Each structure stands twice: as structure tokens, then as C-alpha cells.
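Commentary on secondary and tertiary structure
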Amino acid sequence: MILITAPPFPTPCSHLVLLRHLHLPPPPPLRHESTIHRSKISRFRRRVSAVSSSSSSSLLPQPPRPDKASELRALWKRFWKVAAPYWFSEDKDQARLRLAAVFALTLATTGISVGFNFLGRDFYNALSNKDQEQFTKQLLYYLCGFAGGIPFFVLRDYAKETLSLRWRSWMTKHYLQRYLKDQTFYKIQSQSMIDNPDQRIVDDLSSFTSTALSFSLTLFSATIDLISFSNILFTIYPPLFLLLLVYSLGGTAISVFIGKGLVNLNFMQEKKEADFRYNLVRVRENAESIAFYGGEQNEMQLLLERFRSAFDNLTELLIASRNLEFFTDGYRYLIQILPAALVAPMFFSGKIEFGVINQSVSAFNHILGDFSLVVYQFQAISAFSAVIDRLGEFDDLLDNNITSHTMDEIELTYQSAERSSLPVDSNGSSVQSRPQNQKLLEIEELTLQTPTNRTTLLHNLTAYIYDKDHLLIMGPSGSGKTSLLRAMAGLWRSGKGRITFYLNPQTLENSVKTSPGDVLFLPQRPYMVLGTLRQQLLYPAWTTTTMDGGSERDDGMDELKKPTTDDLMRTLKNVRLGHIVDRFGGLDSFHEWSSVLSLGEQQRLAFARLLLCQPKLALLDESTSALDEANEAHLYQQIQSAGITYISIGHRQTLTKFHNKILHISTADPKSIERNWRITEDVNAREDSLLNQ
Ligand SMILES: Nc1ncnc2c1ncn2[C@@H]1O[C@H](COP(=O)(O)OP(=O)(O)OP(=O)(O)O)[C@@H](O)[C@H]1O
């Protein structure tokens, strides 16, 4: 006679379903899941305490340390804040329907498990009674049960995974939209507000959606399971049920106690591995500079240092996990023999049949698994709470429209061009009214400071830019020229004063600050997107086809006619880059453009973007610094004849001939509140008149 009891060690995943339906004592529920996700999930194991330690460098004010209950309440609130929006979004009907289907399938699978529990009892009864006819019948029932039942398990998992994917995809878009809105990505990065936002969007979101669904289902099925099997076990032998209750409550308390250190270790692991990966990405991005410097040894040192730090933490983590597993494995297997031992006397005295022993073992293990969720899932639960914290923190940041937390702020406004008063006096030096020209930009009493340490760079600047006013900003390195452009772009707000752009009314209607059609900034370092040559040229004004067939812009640029291939070719020729089309295999060829084009070529490409966008106002930050004078002159002539008004930053004297105003900035004296700037007007007219004398 064979009595099948619990396997002494965890059963391989592929057999789990079968074992569970065979009413054999299963290995702990979701054990396979925690094993599979362990490496993945362990990267996310952090908790509030760890978050507060990591965000100590953050500029956000730190709240007082909460007690355990309020910590749990805060965690629940964060979970709800992160999880809820999807279920009330435009996809809510599909989402809820699919969720209901997943729960229904889960219910069905629990029902099937209970059915197998009874089938098992009759099967072993027939075996012990040597009743061949009954045995054959039960065997047949079993086979039919498998054939009918297993699809429910497979479909439940499939439905759960697809729902999780759908949820993740919605959340990814939701987070990306807010991350890229209002230069939030820049503020997060430049003010070191939180660590690794990219990882939160990729890994934490994925983990959140799949774990949230898994946990809800686990809780749901554990509750149903508990109700179904408690009844069975209680009917067989009530003391067994009570013993089980005491055992599992004690086990939960002990595992929480042993495992508490794991949470912080997991949190740090995630951070250290992200730092290591980030360092590797930097090596890839700066490959040429590192190779020129011959900095391999240095890089190797830095990389190994970061890896060692992750390695050391992982070693501690493994030790802590090992200690917890000593307990959880012991907890899991110590009790396996108990139900059979307690029920067997009733069998010997003939009170119960042989199949009932097996049934009690099965019911016992089901209930043990349900009551021991915290013990079995301790690592995953702590990981999940860390994911909730990380996403909650990120979500709050994205919702709260990040500011620099200062009382003083530069006021940046966008007004309709129709409302710009025409002749306005004075820019701090002599100014002439230009009733014939449209005002594009107004800077009034601007005092500009650096965001972190609030060093004043500019005192009290007032200037007006009209259509066809070309302003050159000059000054020593570090005096604040680029910072002035940052303030105009809204990237820096520390200081006081006002900056007003007068835009196309259409842009304002579309409630975006500036669109490339109005104002285009060319940064100091040319930026090449990952894509084809065509995509480089169309950036940032137009999107070319994306994976879902293209996306719509909300800044009115779709209304602007998208350049044709001929337009692109002509523009490339205008910036003297016509030859690169053939050299790199056409407009639709894909290359690492920042590596294959020289810096000067990249700057010319940036001018090509400018010519295609035709903004009213262009802000050029040393945009021709890598070009020879002939090419520089050519590019300025091109944008001048395209009717673009521009503000440039530059050091070269040769630039003055393309501008009619110069703003000279000198390095600010921290002890003085005197102006550290002056504007010279009509420089070329004056030079011409000097030449003519
Ligand atoms: N994120 C930042 N936080 C604090 N200070 C900053 C930050 N970025 C730049 N600075 C400081 O602000 C000052 C002005 O920098 P900015 O880039 O405007 O100089 P610049 O005049 O354009 O110089 P260059 O001609 O060398 O490009 C510098 O002293 C710089 O160190």
C-alpha cells in the first residue's frame, strides 16, 4: 500500500499544477513565483526607512519619521494612489472586465482543487479496499478532471499576465507623459530629486503591476481556499485545525522578526546595481573621449568600485536570506508529517477510511499555505512595499509640479503676439522704439541665481527683443551667459524679475509654453536623437512614424506643413551637408550620429533643424563654436534670410557683424548689487560709420 505524502523538498515548478490537483500536499503556494521573481524582485526591495536614507540628498523637505501604524496607512495610501488611476481611466471597461474574468477563473481553479481533494479521497479508498472496479472508475474521473481542469489554470495565468501587461502599458504612458512634461525630467536630474527615474519607469512599474495582481489573486484564492478546506479539516479533526492556526501565527511573527534586515539590504542592492549600470552606460556614451584620454584604467577602477559595492551588499543580502530560509524551510517541512500522525489513530480504530488520511493531509497543507502567506512571501512582500514607496514618491513628485522651493522666482509668461504693445521704451541703456516691428521677448529687472547655491549671476537685467533684433551675448566664461538662456527656457527659476515671450496665439491656445515654431533653443552640445537622418532633421518639431504608427503633437506643429524629402535635401545643401546623404546611405539610414558626424557637422545639422522649423526667435548657445569662420558666416546668412530673429552666445569677435545688439555680461561680484551688464546697440552701424570716417 502506498501512501503519497508531501514531498520532502520543494517540487519543480513544472509539476506544481499537477501536484496541487492531485490533492498532494503542495509546496508552499507561489513558492515558484517568489523563486522566479527573486532576482528580479530583489532589485526592488526597499522600504520607507531606506527611502528616507536615500533621499537625504534630496532637496525635498523630509517628513518626520512615522510610527508603524501610520507607516502602513501611508503605504496603503501610496499603493492606492499609484494603482487606482488605471481602473478609472479610459481603459476602465476593458480593465474591469478582464479583472473580473481573472477572479472568476481563480474561483474556478479553487473549486477544481476542492473537487480533486474529494476525488483523491475516493481514489485511495478504492485502492485500500482493493476495489478494482471502483479504482478504475476513480482513475477515469481523475483523467477527466485533469483534462477539464488544467485549461482553467493555464487560462487564469494567461489572463492575469495579459491584464498585467495592459496595465503596465497604460501606466508607462501615464508616467512618461508627466515625466517629459514641463521639463520635469530636467528638474529631477539637475536638482537630484530622486534616484534612477528611468529604473522606476521600466522596472518598478513592471514589478508593481504584476505583483499587485498576483498578490490580490493570492489573497483572494487564499481566502476561498481557507474557507473551503477549513471546513473539510474541521469536519475530520478540529484540534488539527487549531494547532495549524497557532503554528502559522507563530511562524509569521518569527519570520517578520528574522527578515526585517532584508528590506534595507534589498533597497541598497537596487541602488548599487543601478549605479553600476549607469557607469557602464556613461562609458558607452563617452567612448571616444575616454579612448582619446586613454582613460581605460581609470574607468576600470571606477566600474570595479561600483561593482564591488553592489557585490558586498549582495553578499550581506545572501547571508540574511539564508538565515531567513533556515527558518522558513524548517517551518515548511517540520509539520508535514503531523496531520497523518494525528489522524492515523482514528484510521486504526476504524473511525475513518484510509482516503480520509490523505484528504486531511491535503486540506492541512492548503490551509497551512493560506495561513502562512507572510512566511512564504516575506521577501516578495517587502520587495513590493519598496516598489510602492518608490513609485509613490515618484508619482508625488510628478503630480506636484516641481518648483525650486524658493520664495523668489523668476516670472516666465507667454502672451499672445497680438497683445504685445508696440513701441516700448528703454532696455536699461538707450533703446529706440520700433513701431514697425513686433515685440518677441521682454526681460524686465531680471536677477538670476544658480538653483542650488543661489549665487547671483546677473543683476537687474532689462532688455527687449523685437522682430529682426539680433542680440549677441558676450562675457567671460562662467559669467552666466548660458544660464540666461536657461532662465528664458524656464529651466532655471531662481531669482526675480519677469521674462515674457510674445507668441503665436495658436500656440497659446494649445496651452504649451513654446513650440519649436515660435522659439527654438539650440543648446551648447548638439543633441542627436537615436534614429535616421530624416528623424534628426525633423527633430524636435515633427515626429516621424513610431511603433504605433505615429503620435500626435499637441503644440500645433502638426498644422505646420511637414517638410518633404525635397525640402530636407535642399536644407541639407543650404547648410553645406548635402554630401552626408550619399555617404551614409540616404535619409533613412540609421547611425549613431553623434559618433559618425564631426562636431561641426552636428552643429550644421542643428542649423538645418532651425531652417526647417522657421521659428520666430532662435536662441543659439555657442552653436557655431566648432565651425570655421566661412561656415559660420554662411549659416548666419541663411537664418537671416529665412527671417529668423536670433539671440546668440559667443566668444568670437567675428560674430558681431551678424548682430545689431550686444549684451556684455561681466562676472557678478557677490558683494555688490550693481548691474553687471550693458547693452550696445547698432554695433554694425557704428562700426560702418567708424570705417567711413
Ligand atoms: N546646475 C548648476 N548649479 C549650480 N551652479 C551652476 C549650475 N550650472 C552651472 N552653474 C554655474 O553657473 C555659472 C554660470 O554658468 P554658465 O553655464 O551660464 O556660464 P557661461 O557664461 O555660459 O560659461 P561658458 O562661456 O564657459 O559656457 C558657472 O559658474 C557655473 O559653474
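On a predicted model such as this, the values are computed, not experimentally measured, just so you know. (Residues numbered from 1 in each chain as written. Predicted model: local features only at pLDDT ≥ 70, side-chain atom pairs only at ≥ 80, totals over all residues. Heavy atoms only, no water.)

1. Brief notes about the UniProt feature "transmembrane region" (unreviewed entry) in the chain
- Following the UniProt record, the feature "transmembrane region" (unreviewed entry) maps to residues 99-119, 139-159, 212-234 and 240-263 here.
- Between the first and last C-alpha atoms of residues 99-119 the distance is 30 Å; the span itself is 100% helix and 0% strand.
- Along residues 139-159 the backbone is 100% helical and 0% strand, and the end-to-end C-alpha distance reaches 30 Å. (UniProt positions renumbered as here; feature names shortened; annotations may be inferred. Helix = DSSP H or I, 4+ residues; strand = E, 2+ residues; numbered from the N terminus.)

2. Things to note about the sheet that holds strand E3 (residues 456-466)
- Strand order across the open sheet formed by four strands is E1-E5-E2-E3, with mixed pairing between neighbours. Every interior strand has two partners, whereas the edge strands, strand E1 (411-416) and E3, have only one. Sheet twist, expressed as the mean angle between neighbouring strand axes with direction ignored, is 15°.
- Across the sheet, helix H16 (residues 481-488) is in contact with E1, strand E2 (439-449), E3 and strand E5 (495-503); its angle to E2 comes to roughly 120°. (Pairing = 2+ DSSP bridges. Axes fitted to C-alpha atoms, helices over the stretch in contact; angles between N-to-C directions. Contact = heavy atoms within 4.5 Å.)

3. Focus: the pairing of E5
- With respect to burial, E5 is a largely interior element, seven of its nine residues being buried.
- In this structure, E2 lies alongside E5, joined through six bridges in antiparallel fashion. Of the residues in E5, the one forming a bridge with Leu448 is Gly495. (Buried < 20%, exposed > 50% of the residue type's maximum accessible area, 1.4 Å probe, protein only.)

4. What to know about the packing of helix H9 (residues 238-285) against helix H13 (residues 354-371)
- At a minimum axis distance of 9 Å, the contact between H9 and H13 shows a crossing angle of 30°. As summarised for this structure, H9 and H13 are arranged roughly parallel, according to the angle between their axes. In this structure, the crossing between H9 and H13 has a hand that is right-handed. In contact with Leu240, Phe241, Leu244, Leu245, Tyr247, Ser248 and Thr252 of H9, H13 contributes Phe364, Ile367, Leu368 and Phe371.
- Broken down by class, the residue content of the contact of H9 with H13 amounts to nine nonpolar, two polar and no charged. (Parallel < 35°, antiparallel > 145°, perpendicular 65-115°, else oblique. Left-handed = near helix turned anticlockwise from the far one by under 90°. Nonpolar A, V, L, I, M, F, W, Y, C, P; charged D, E, K, R; others polar.)

5. Section: the site of the ligand
- In the region of the ligand, 16 residues are neighbours, and Ser477, Gly478, Lys481, Thr482 and Ser483 sit closest.
- Here an oxygen atom of the ligand sits 2.9 Å away from a polar atom, N or O, in the main chain of Gly478.
- One nitrogen or oxygen atom from the side chain of Ser483 is found 2.5 Å from an oxygen atom belonging to the ligand.
- In isolation the ligand exposes 640 Å². Once the protein is present, 66% of that is buried. (Near = heavy atom within 4 Å. Polar contact = N/O pair within 3.5 Å; in protein donor to acceptor, adjacent residues only side chain to side chain. Areas by Shrake-Rupley, 256 points an atom, 1.4 Å probe, with all protein chains shown as cover.)

6. Looking at the sheet that holds strand E9 (residues 617-621)
- The six strands are arranged E6-E9-E10-E4-E11-E12 in an open sheet whose pairing can be described as mixed. Looking at strand neighbours, the two that pair on one side only are strand E6 (519-522) and strand E12 (677-681), the edges of this open sheet. Pairs of neighbouring strands in the sheet enclose a mean axial angle of 15°, with direction left out of account.
- With four bridges joining them, E6 and E9 adopt parallel strand pairing. Considered in E9, the bridge of Leu522 is made with Leu620.
- The strands that H16 touches are strand E4 (471-474), E6, E9, strand E10 (645-649) and strand E11 (661-665); relative to E9, the one it contacts most, it runs at about 145°.

7. Considering the pairing of E2
- Of all eleven residues making up E2, nine are buried, and the element is well covered by its neighbours.
- Of the strand pairs in this sheet, E2 and E3 are connected by seven bridges, and their pairing is antiparallel. Bridge pairing links Ile443 to Ala463 in E3.
- Hairpin geometry of E2 and E3 is characterised by an intervening segment of six residues between the two adjacent antiparallel strands and by a positive phi of about 50° at Arg454.

8. Concerning H9
- For H9, with 48 residues, the first-to-last C-alpha span of 67 Å sits near the 70 Å given by 1.5 Å per residue.
- Of all the bends in H9, the largest measures some 45° and sits at Gly259. (Expected span 1.5 Å × (residues − 1). Bend = angle between axes of the 7 residues up to and from the residue.)

9. Observations regarding the packing of aromatic side chains
- According to the stated counting rule, one finds 34 aromatic pairs in the structure shown.
- Taking 6.2 Å as the distance between ring centres and 20° as the angle between the ring planes, the aromatic pair formed by Tyr86 and Trp167 counts as stacked. Taken as a pair, Tyr86 in helix H4 (residues 68-87) and Trp167 in helix H6 (residues 132-180) lie far apart in primary sequence, 81 residues in all.
- With a relative accessible area of 0%, Tyr86 lands in the buried category.
- Among the residues examined, Trp167 registers a relative accessible area of 3% and is labelled buried.
- When the ring centre of Tyr175 is taken as origin, the NZ or CZ atom of Arg178, which lies over that ring, is 4.8 Å away.
- Sitting over the face of the ring of Trp492, Arg486 holds its NZ or CZ atom 4.7 Å from the ring centroid. (Phe/Tyr/Trp six-rings, centres within 6.5 Å; stacked < 30°, edge-to-face > 60°. Lys NZ or Arg CZ within 6 Å of the ring centre and 35° of its normal.)

10. Side note on unusual backbone geometry
- Residue Pro540 is bonded to the preceding Tyr539 through a cis peptide linkage, with omega at 0°.
- Of note, Pro540 is situated in the loop between helix H18 (533-538) and helix H19 (565-574).
- Of note, Glu445 is a non-glycine position whose phi angle comes to about 45°, a positive value.
- Its location among the elements puts Glu445 in strand E2.
- The class of Glu445 is partly exposed, set by a relative accessible area of 48%.

11. Regarding a nonpolar patch on the surface
- On the surface, Met300, Leu304, Phe307 and Phe311 cluster together into a nonpolar patch covering about 380 Å² of accessible area.
- Within the secondary structure, Phe311 sits in helix H11 (residues 296-334).
- Accessibility expressed as a relative area gives 48% for Phe311, which makes it partly exposed. (Patch = residues over 30% accessible without salt bridge, like charges linked within 9 Å, V, L, I, M, F, W, Y side chains within 5 Å. Salt bridge = Lys/Arg side-chain N within 4 Å of Asp/Glu carboxyl O.)

12. Side note on the nonpolar core
- Among the nonpolar cores identified, the biggest contains 40 residues, and Leu605, Leu610, Leu620 and Ile639 are the most heavily contacted of them.
- Those elements that place two or more of their residues in this core are E4, E6, H18, H19, helix H20 (579-583), helix H22 (599-613), E9 and helix H23 (629-641).
- The element contributing the most residues to this core is H22, with eight residues.
- Excluding its chain neighbours within four sequence positions, the residues that come into contact with Ile639 are Phe607, Leu610, Leu611, Leu620, Ile644 and Tyr646.
- Counting residues in hydrophobic clusters, the runner-up holds 34 residues, among them Phe79, Ala159, Ile201 and Ile388. (Core = buried A, V, L, I, M, F, W, Y, C linked by side-chain atoms within 4.5 Å.)

13. Regarding the environment of Ala386
- Relative to the assigned elements, Ala386 resides in helix H15 (residues 378-399).
- Using a relative accessible area of 0% as the deciding quantity, one classes Ala386 as buried.
- The spatial distance from the C-alpha of Ala386 to the C-alpha of Leu75 is 9.3 Å, given a sequence separation of 311 residues.

14. Considerations on the packing of H22 against H23
- Viewed as axis vectors pointing N to C, H22 and H23 meet at an angle of 10°, and their least axial separation amounts to 10 Å. Between H22 and H23, the interaxial angle falls into the category roughly parallel. Touching Arg604, Phe607, Leu610 and Leu611 of H22 are Asn631, Leu635, Gln638 and Ile639, all from H23.
- Among the residues making up the contact of H22 with H23, the classes are represented as five nonpolar, two polar and one charged.

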